[in-house]
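Coordinates in review
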Amino acid sequence: MMCAAQAGQRGRRALIVEHYHRLGEKIRISGGGRCNFTNLGASPAGYLSQNPDFCRSALARYTARDFVALVERHGIAYHEKKLGQLFCDGSAQAIVAMLKSECDRGGVEWRMPCAVSGIDRVDGGFIVATGDGPVRTTSLVIATGGLTVPKIGATPFGYKVAEQFGVSVVPPRPALVPLALAPEWLARYGDLAGVALDAEVSCNGGRFRENILFTHRGLSGPAILQISSYWDGKSPLAIDLLPDAAGATWFRDQRTSAAHVDNVLAQRLPRRFAEIWCAVHDAAGPMARLPDRRFVAIEAALRCWRVQPGGTLGFNKAEVTLGGVDTRELSSKTMGATRVTGLFFIGEVVDVTGWLGGYNFQWAWSSGHAAGEVV
Ligand SMILES: Cc1cc2nc3c(=O)[nH]c(=O)nc-3n(C[C@H](O)[C@H](O)[C@H](O)COP(=O)(O)OP(=O)(O)OC[C@H]3O[C@@H](n4cnc5c(N)ncnc54)[C@H](O)[C@@H]3O)c2cc1C
């Protein structure tokens, strides 16, 4: 919609073909129904891609501030929740309505719900076969998103189009997704379902300080969702249970305490977690009586608790898809396939994946706008 509105408002004739019966369904269900529509800190550092600089140009040319200005022009009330994350005060439906009205302003046409059965390359463009008959076009923009939540319309269609035209695809996998723990880990920590704690989680170059949440199947919460995008399917996560220097100093200050280790830790961590963690790590007895070597080992384990995920909860529970159309085959200025004139890919179908907190919508807006300026 962002791309079509922009193209339409430039005077181009734009048609959206959408196979699902509801418009902008992911917007509607996002952010708990309030749509975390952008992040004020959205910059290339907040995106993962095989080609990390690719997103730079589009994000710089259509920024979070630009989208906020659009939201304000439409009189949609919003607020910052935390960490630059902007949410609607009311329903996410306001964002869908705003985009629809921008499309109307550009005279955008619709086929919806309408399935696409195939695409043929012809002289000077493409013929798209749809359930409502063929469409001939000089520019074809693929904005079919990723593979998450298939029950609301997600399909691998975009990747198939890329393959059809010889554009490579970085294998898609679920990201911003809860992680499963193996049975032996669940046997120890599974009873903690519902317990949350503040920690710093790192893995493969990603590092996030936020809550982690124990679930019946493993781990979730913002820090885990974030780090899941960096998890390679095998590495352990390193969790700092005493994040920042204050945490470490605090623990050392307890060295001479007569209290048992789990009782000391329960001052900073949920009690049930402290008890189980101490039992698993053989951290028993009063702090003051711990031999120096044990104290140092316990402190090290608290600062770097190694947790081995067994897998992810998959595309049904993921917020976004990592991987996608290989950006090394696209122009970062236009989103056009460098070897297929007239073919464009925007949004989540492209191998650009944002952090949690409005980054993915901002990529959809910025990349859509970039293509909308040239199609
Ligand atoms: C539960 C949930 C909550 C989220 N919350 C947030 C959030 O708060 N903030 C944030 O930044 N991101 C959030 N995201 C991620 C965000 O929704 C996506 O990154 C974003 O919607 C991608 O936009 P897109 O236009 O590329 O794809 P989509 O929004 O997925 O749109 C793709 C469209 O293409 C249609 N389509 C697919 N295949 C075909 C086909 N073969 N023919 C015709 N049409 C087709 C689909 O029906 C869909 O309407 C959330 C995701 C989920 C699943």
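1. Overview of the packing of helix α4 (residues 64–73) against helix α5 (residues 93–105)
In a packed pair of helices, the relevant descriptors are the angle between the two axes and the axis-to-axis distance. Running from N to C, α4 and α5 cross one another at 90 degrees; their axes reach a closest spacing of 10 Å. In terms of their interaxial angle, α4 and α5 are classed as roughly perpendicular. Facing Phe67, Leu70 and Val71 of α4, the residues of α5 in contact are Ile95, Met98 and Glu102.

2. Section: the sheet that holds strand β15 (residues 218–220)
Pairing between sheet strands relies on hydrogen bonds along the backbone, with the strands arranged either parallel or antiparallel. Pairing within the open sheet is antiparallel, and its seven strands lie in the order β17-β16-β13-β14-β15-β12-β18. The sheet is open, and its two edges are formed by β17 (305–307) and β18 (309–312), each paired on a single side. Taking each pair of neighbouring strands and ignoring which way they run, the sheet shows an average axis angle of 40 degrees. Across two bridges, strand β12 (residues 179–181) lies against β15 in antiparallel orientation. Looking across to β15, one finds that Ala180 is bridged to Gly218.

3. Thoughts on α5
In a regular helix each residue adds 1.5 Å, so 13 residues correspond to 18 Å; α5 covers 18 Å between its end C-alpha atoms and thus fits that length. Along α5, the residues that are buried comprise Ile95, Val96, Met98, Leu99, Glu102 and Cys103. One side of α5 holds all its buried residues, which, seen down the axis, span an arc of 160 degrees. Directly beyond the C-terminal end of α5, a positive phi value near 65 degrees is found at Gly107.

4. Details of the pairing of strand β8 (residues 125–130)
Pairing of strand β7 (residues 116–122) with β8 involves six bridges; the strand directions are antiparallel. Paired with Ile119 across the strands is Val128, a residue of β8. A loop of two residues connects β7 with β8, the two strands running antiparallel in sequence, and Gly124 in this loop sits at a positive phi of about 75 degrees. The pairing of β8 with strand β9 (residues 133–137) spans five bridges and is antiparallel. Bridging from a neighbouring strand, Thr130 pairs with Gly133 of β9. Where β8 hands over to β9, the hairpin turn is made up of two residues, counted between the paired strands.

5. Considering the sheet that holds strand β4 (residues 78–80)
The three strands lie next to each other as β2-β5-β4, forming an open sheet whose pairing is antiparallel. Only two strands of the sheet have a single neighbouring strand rather than two, namely β2 (36–39) and β4. Recorded for the sheet is a direction-independent mean angle of 25 degrees between the axes of neighbouring strands. The pairing of β2 with strand β5 (residues 85–88) spans three bridges and is classified as antiparallel. Within β5, the residue paired with Asn36 across the bridge is Phe87.

6. Some details on the site of the ligand
Glu18, Asn36, Thr155, Glu348 and Phe361 are the nearest of the 26 residues found near the ligand. Glu348 has a polar side-chain atom sitting 2.6 Å from an oxygen atom of the ligand. Calculation on the ligand without its partners gives an accessible area of 990 Å², and the protein chains cover 86% of this total. Secondary-structure elements contributing two or more residues to the shell around the ligand are α2 (25–29) and α13 (359–372). Looking at the shell around the ligand element by element, the count peaks at four residues for α13. The class makeup of the residues in the shell around the ligand is ten nonpolar, twelve polar and four charged.

7. Remarks on the packing of helix α9 (residues 244–253) against helix α12 (residues 292–303)
Two elements in contact, α9 and α12, have axes separated by 11 Å at closest approach and are oriented at 155 degrees. Taken as axis vectors, α9 and α12 run roughly antiparallel relative to one another. Crossing hand, α9 versus α12: right-handed. Two secondary-structure elements touch here, α9 through Asp244, Ala248, Phe251 and Arg252 and α12 through Phe295, Ile298, Glu299, Leu302 and Arg303. Class assignment for the residues of the contact of α9 with α12 results in five nonpolar, no polar and four charged.

8. Things to note about the pairing of strand β19 (residues 320–325)
The buried fraction of β19 is high, at six of six residues. Across five bridges, strand β11 (residues 169–175) lies against β19 in antiparallel orientation. Pairing of Val169 across the sheet is with Val325, part of β19.

Scoring rules and cut-offs
Residues numbered from 1 in each chain as written. Predicted model: local features only at pLDDT ≥ 70, side-chain atom pairs only at ≥ 80, totals over all residues. Heavy atoms only, no water. Axes fitted to C-alpha atoms, helices over the stretch in contact; angles between N-to-C directions. Helix = DSSP H or I, 4+ residues; strand = E, 2+ residues; numbered from the N terminus. Parallel < 35°, antiparallel > 145°, perpendicular 65-115°, else oblique. Contact = heavy atoms within 4.5 Å. Pairing = 2+ DSSP bridges. Expected span 1.5 Å × (residues − 1). Buried < 20%, exposed > 50% of the residue type's maximum accessible area, 1.4 Å probe, protein only. Arc of directions from axis to C-beta. Near = heavy atom within 4 Å. Polar contact = N/O pair within 3.5 Å; in protein donor to acceptor, adjacent residues only side chain to side chain. Areas by Shrake-Rupley, 256 points an atom, 1.4 Å probe, with all protein chains shown as cover. Nonpolar A, V, L, I, M, F, W, Y, C, P; charged D, E, K, R; others polar. Left-handed = near helix turned anticlockwise from the far one by under 90°.

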